[in-house]
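Chains, contacts and geometry: an overview
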Amino acid sequence: MNTETLINFAYIVSSILFIFGLKMLGRQATARRGNMLSSLGMLLAVVVTLIDRQVVTFQWIITGLAVGGVIGFACARLIKMTSMPEMVALLNGFGGLASLLVGWAEYAKPGEPLSTFTSTVIVLAVFIGGMTFTGSLYAFGKLSGKLSGKPVLFGGQQIVNGMLVLGLAVAGALFVINSGVGAMGPSAFYALLAVAFVLGITMVMPIGGGDMPVVISMLNSLSGLAACAAGFVILNNVLIVAGCLVGTSGVILTIIMCKAMNRSIANVLFSGFGSDATAAAGNSEGQIQGELKPISAEDSFAVLEAARQVVIVPGYGMAVSQAQHIVRELAEMLEENGAEVRFAIHPVAGRMPGHMNVLLAEASVPYEQLVEMDSVNPQMPMMDVAIVIGANDVVNPAAARDKSSPIYGMPIINAHEARTVICLKRGKGAGFSGIENQLFLLPNTRMLYGDAKASLQAVAGEFKAMAEA
Ligand code: NAP
């Protein structure tokens, strides 16, 4: 077996490991092993690539490995769980940049004029990679609060984007026709690069900060497609397969998120959701009636102490206050007191897919206690108490009842059907969609104001005091 055959055989094994690893990530019980399997596939791919005769310098590879390793380690240690979406945005961006550089390096390599195939895949790697890079940086800015999270809208925005896409097509075509050489080749390449960078920004501009997770999963998918194109540029099979896997899984995730919000991808990308106009549309006068009824931690304890069926509905506020550990403690206290406790998980609660699952798993909440929205909703009328922890949109009854609401049609957790609802939030802040929530005004709802973690500590303190008495 010659080296090339050996390398390609190892790449096939790596690809199989990636595919099985991904499949195993679909179930909590097998996810850890799935991760290990995929890592093994990546290790094999890296080792085999390093024995390739085309590797010209190990010095730069080792330098890159050391610098990247240090930065990666520092990020893993320092980045908080709530900052994960912006971290992923950056990683996607650099993935896009890497593919762009692969395409550029191939173009800059001295030699024959490029074939039509190679110049076409270079165009794809550069334009998708460039767009992913600047789009991801812009998304990072929005998510980290360095840029305003509000959608930036201006007249003729779609026309400007349309012109940029046209510019991309023209520059790409000129580059391919001229095989990247002559007077036109380099100019077309740099024009392509510039337009791709600008398009990345103008594409993300009109999308609100709250919709960024959907955008990030879309950018993740684009970074995969850019890697796939880069794989074709250097004819590397494992890069092609891995790029396809990232590209398609990103598309699937984007579709799942849009479905869970009952919105189309076009609505997420172009509607300016989260702007003052859309929020106002959901707050039309006369719909919100009733008054907010505060409850103290002592009275909340009294209600919970008597409860036998309790459902906890976590949302973005639980992530903000990092209340997952005290939530688990309170759940244990309720169980010791004879109550049955379950956690109702909405697919888009929080700000990234699986946000609540990750936080509750971090706090060692038993997986069996997590119940998906469709399974928990029929049980809601039997619940003595629903504790809503920093959730707002995902429990807003307007999504089911009010056709004028921007979130109309989004499936919700029917917390309002529980006998008593205790909502933990700091004040009158709206949810991500910016609209009011009728749930907070219902006769069976009580508001436990304050930071969720502090409020839960106060309630748990009452249980502890009871146990010690
Ligand atoms: P939400 O609608 O954003 O509401 C969060 C609530 O938490 C706010 O009303 C806020 O009220 C409260 N809060 C914030 N910090 C708090 C703290 N420290 N202590 C207590 N309460 C706190 O959250 P959600 O119900 O989880 O809904 C998620 C939203 O994000 C949905 O609209 C979904 O479509 C959208 N989204 C999610 C994803 C995803 O992948 N998960 C992706 C894109 C969009 P106060 O300010 O009054 O405290």
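Thresholds applied
Residues numbered from 1 in each chain as written. Predicted model: local features only at pLDDT ≥ 70, side-chain atom pairs only at ≥ 80, totals over all residues. Heavy atoms only, no water. Phe/Tyr/Trp six-rings, centres within 6.5 Å; stacked < 30°, edge-to-face > 60°. Helix = DSSP H or I, 4+ residues; strand = E, 2+ residues; numbered from the N terminus. Buried < 20%, exposed > 50% of the residue type's maximum accessible area, 1.4 Å probe, protein only. Near = heavy atom within 4 Å. Polar contact = N/O pair within 3.5 Å; in protein donor to acceptor, adjacent residues only side chain to side chain. Areas by Shrake-Rupley, 256 points an atom, 1.4 Å probe, with all protein chains shown as cover. Nonpolar A, V, L, I, M, F, W, Y, C, P; charged D, E, K, R; others polar. Domains from an automatic or database assignment. Contact = heavy atoms within 4.5 Å. Axes fitted to C-alpha atoms, helices over the stretch in contact; angles between N-to-C directions. Parallel < 35°, antiparallel > 145°, perpendicular 65-115°, else oblique. Left-handed = near helix turned anticlockwise from the far one by under 90°.

**A closer look at the packing of aromatic side chains**
Overall, the coordinates contain 10 aromatic pairs when judged by the stated rule. Residues phenylalanine 117 and phenylalanine 232 carry aromatic rings whose centres are separated by 6.1 Å and whose planes lie at 80° to one another, so their mutual orientation is edge-to-face. Placement of the pair is phenylalanine 117 in helix H5 (residues 116-143) and phenylalanine 232 in helix H8 (residues 212-233), with a sequence separation of 115 residues. Its relative accessible area of 45% is what places phenylalanine 117 among the partly exposed residues. For phenylalanine 232, a relative accessible area of 32% gives the class partly exposed. Centroid distance phenylalanine 301 to phenylalanine 463: 4.8 Å. Interplanar angle 85°. Geometry classified as edge-to-face. Residue phenylalanine 301 is located in helix H12 (residues 297-306), and its partner phenylalanine 463 is located in helix H18 (residues 452-468); the two are separated by 162 residues in the primary sequence. Among the residues examined, phenylalanine 301 registers a relative accessible area of 13% and is labelled buried. Judged by its relative accessible area of 4%, phenylalanine 463 falls in the buried class.

**Here's the deal with the site of the ligand**
Taken together, the neighbourhood of the ligand is formed by 32 residues, with Arg351, Asn392, Asp393, Arg426 and Phe432 sitting nearest. Here an oxygen atom of the ligand sits 3.1 Å away from a polar atom, N or O, in the main chain of phenylalanine 432. Across the complex, the protein chains shield 96% of the 920 Å² of accessible surface that the ligand would expose by itself. Broken down by secondary-structure element, the contributors of at least two residues to the shell around the ligand are helix H13 (316-321) and strand E5 (420-425). Considering every element that reaches the shell around the ligand, the biggest residue donor is H13, with four residues. Along the lines of polarity and charge, the residues of the shell around the ligand split into 15 nonpolar, 11 polar and six charged. Looking at which domains feed residues into the shell around the ligand, each of domain 2 (82-270) and domain 3 (280-468) supplies at least three.

**Looking at the side chain of asparagine 236**
Note that asparagine 236 resides in the loop between H8 and helix H9 (237-260). Discounting chain neighbours no more than four positions away, the residues touching asparagine 236 are Tyr11 and Gly231.

**A look at the packing of H8 against H9**
Contact geometry for H8 and H9: axes closest at 7 Å, N-to-C directions at 160°. Judged on the interaxial angle alone, H9 and H8 are roughly antiparallel. For the crossing formed where H8 meets H9, the hand is left-handed. Class assignment of the residues belonging to the contact of H8 with H9 gives a composition of 16 nonpolar, 10 polar and no charged.

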